Amino acid sequence: MRLGVDIGGTKTAALVLDPVGEVVAHVTAASGRGRDDVLATAVGVAARAADVVGGWTALRHVGVCMPGLVDPVTGWARSAVHLDVDALDLAGEVAAATGHRPGVDNDVKAAALGAVHVTHAGAPSGRTAYLNAGTGLAAALVDEGRVLRGAGGAAGEIGHLPVGTEVPCSCGQRGCLETIASGSALHRLWPRRPAELFPAAAQGDPVARDVVATLARGLGLAVQVLVTTGADLVLVGGGLARDRAELEAAVRDELVAHCRTSPFLARLDLAARVRVLDGAAPLAAIGAALLPTPVTA
Ligand SMILES: [Zn+2]
């Protein structure tokens, strides 16, 4: 059995996958703040999940993911700003507390493995992109079951491609893709509750329709970037995927409209290559359980 821990900005989740990849334990708690608190919460949640299946000795593998720059080889995590963690020997500390040297990675990269796992049921084929539309917008690519890293681990970080709006972005640029296709974009553009967006658009509310069109344009562009850099399939998750069916329809309509005006895009068959997943599914924790164990221990 494999245990995965996802240290999120607000919630820390631990789950156990049985030998056929089904979730058999799932425990969550509010995330800590600061190095020691983040770690204590993660280990505590992991211990409760481990207890469900008979304790640490019942586990073959442990994996942990968190936001920020996470180096799977050294095991160190850096710059997890929302957790107030500057630097942390994530793998070393978890190994000391649990007796298992964990596989570690960034949360979006882990979620990409989780997304492939839940959609291919353990038989990944081809190259799949996972697009996480959460507070920010980030993607990760999985090729034959392995996460692609790229320079500085930045493969798939398409949320900071400037697309020409003048909105300042958290990264220091202006007009990033993230500023039109993310939870923070929705928060800025739509003054009402997120859950009211699609019903309002369906009733013809012009502001809601504009916001849906903007989100769909941004996500459609993200899909186009990912497919033209080698992905066969783009799986969309994160908080924006809460209205799964409506979001998928909006993005597909956008892509179909683009393909009508461009034979080049039509050949890429973009609309058929996007699938929105259940935004509430614990993809990062599932992916964490599947992270490879580092070769250096
Ligand atoms: Zn940016």
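It should be emphasised that the depicted structure is a prediction, and the values quoted were computed from it without experimental measurement.

Strand order in the open sheet formed by 5 strands is β11-β10-β9-β12-β13, with mixed pairing between adjacent strands. In this open sheet, the two edge strands, each paired with only one partner strand, are β11 (146-147) and β13 (274-276). Relative to β13, strand β12 (residues 233-237) runs parallel, the two sharing 3 bridges. The partner of V234 across the bridge, within β13, is V274.

Turning our eyes to something else, we now look at helix α7 (residues 244-261). Every α-helix winds through 3.6 residues per turn, so residues three or four apart in the chain are directed the same way. Here α7 contains 18 residues, and its C-alpha end-to-end distance of 27 Å stays within 8% of the 26 Å for a straight helix at 1.5 Å per residue. By the burial criterion, the buried members of α7 are L247, E248, A250, V251, E254, L255 and C259. Where the residues of α7 are buried, they touch α5 (197-202), α6 (206-228), α8 (263-268) and β13.

Turning our eyes to something else, we now look at unusual backbone geometry. Backbone geometry places S79, a non-glycine residue, at a positive phi of 55 degrees. Of note, S79 is situated in strand β6 (residues 77-80). Owing to a relative accessible area of 37%, S79 belongs among the partly exposed residues under this scheme. Non-glycine residue E144 carries a positive phi angle of around 50 degrees. Here E144 is to be found in the loop between β10 (137-143) and β11. Classification of E144 as exposed rests on a relative accessible area of 55%.

Between α6 and α7, whose axes approach to 8 Å, the crossing angle comes to 70 degrees. With respect to α7, the axis of α6 lies roughly perpendicular. Between α6 and α7 the crossing geometry is right-handed. Between α6 and α7, the residues in contact are V212, A216, R217, L219, G220 and V223 and L247, A250, V251, E254 and L255, respectively. Among the residues forming the contact of α6 with α7, the class breakdown is 8 nonpolar, 1 polar and 2 charged.

So, about the coordination of the zinc ion. The coordination sphere of the zinc ion, as far as protein atoms go, consists of H160 (ND1), C169 (SG), C171 (SG) and C176 (SG), spread over 2.0 to 2.3 Å. With 4 donor atoms in place around the zinc ion and angles of 104 to 123 degrees between them, the coordination shape is tetrahedral. Counting residues between consecutive donors of the zinc ion along the chain gives the motif H-x8-C-x1-C-x4-C. A relative accessible area of 25% places H160 in the partly exposed class. Taking the relative accessible area as the measure of exposure, C169 reaches 11% and is therefore buried.

Take the packing of helix α3 (residues 107-120) against helix α9 (residues 283-290) next. Running from amino to carboxyl end, α3 crosses α9 at an angle of 90 degrees, the nearest separation of the two axes being 6 Å. With respect to α9, the element α3 is oriented roughly perpendicular. Together, D107, A110, A111, L113, G114, A115, H117 and V118 of α3 and L283, A284, I286, G287, A288 and L290 of α9 make up the contact between the two elements. Of the residues that constitute the contact of α3 with α9, the class distribution is 10 nonpolar, 3 polar and 1 charged.

Entries for the chain in the domain assignment read domain 1 (2-110 + 282-290) and domain 2 (121-276). Facing 6 residues of domain 1, the contacting portion of domain 2 comprises 10 residues. Of all residues in domain 1, V108, K109 and L283 bury the most surface against domain 2, accounting for 79% of the area lost on that side. At the junction of domain 1 and domain 2, the tally comes to 1 salt bridge. When the shortest N-O distance is used, the salt bridge between D105 and R149 registers 2.9 Å. One can count 2 residue pairs in polar contact (both at pLDDT 80 or more) joining domain 1 with domain 2. Residue classes in the side of domain 1 that touches domain 2 are distributed as 4 nonpolar, no polar and 2 charged.

To find leftover empty space, one rolls a probe the size of a water molecule over the atoms. Evaluated as defined, the whole model comprises 1 cavity of 30 Å³ or more. There is about 40 Å³ of room inside the largest cavity. As for the largest cavity, its lining consists of L186, P194, L197, F198, L215, L240, R242, D243 and L247. Considered class by class, the residues forming the lining of the largest cavity number 7 nonpolar, no polar and 2 charged.

With 6 of 7 residues buried, strand β2 (residues 11-17) is to be regarded as a mostly interior element. Bridge analysis of strand β1 (residues 2-7) against β2 gives 6 bridges, and the strand direction is antiparallel. Note that in β2 the partner of D6 across the bridge is A13. Hairpin connection between β1 and β2: a loop of 3 residues separates the two successive antiparallel strands. Inspection of the sheet shows β2 paired to strand β3 (residues 23-30) by 7 bridges, in the antiparallel sense. Counted as the bridge partner of K11 is A30 from β3.

Rules behind the numbers
Residues numbered from 1 in each chain as written. Predicted model: local features only at pLDDT ≥ 70, side-chain atom pairs only at ≥ 80, totals over all residues. Heavy atoms only, no water. Pairing = 2+ DSSP bridges. Helix = DSSP H or I, 4+ residues; strand = E, 2+ residues; numbered from the N terminus. Expected span 1.5 Å × (residues − 1). Buried < 20%, exposed > 50% of the residue type's maximum accessible area, 1.4 Å probe, protein only. Contact = heavy atoms within 4.5 Å. Axes fitted to C-alpha atoms, helices over the stretch in contact; angles between N-to-C directions. Parallel < 35°, antiparallel > 145°, perpendicular 65-115°, else oblique. Left-handed = near helix turned anticlockwise from the far one by under 90°. Nonpolar A, V, L, I, M, F, W, Y, C, P; charged D, E, K, R; others polar. Donors = N, O, S within 2.8 Å, 3.2 Å for Na, K, Ca; no water. Tetrahedral: all angles 85-135°; square planar, octahedral: opposite > 155°, others 65-115°. Domains from an automatic or database assignment. Buried area = accessible area lost by both parts, 1.4 Å probe. Salt bridge = Lys/Arg side-chain N within 4 Å of Asp/Glu carboxyl O. Polar contact = N/O pair within 3.5 Å; in protein donor to acceptor, adjacent residues only side chain to side chain. 1 Å grid on protein atoms, 1.4 Å probe; cavity = no way out; pocket = protein on both sides within 12 Å on 5 of 7 lines; lining within 4 Å. Points joined across faces, edges and corners; volume = space filled by probe spheres on them.

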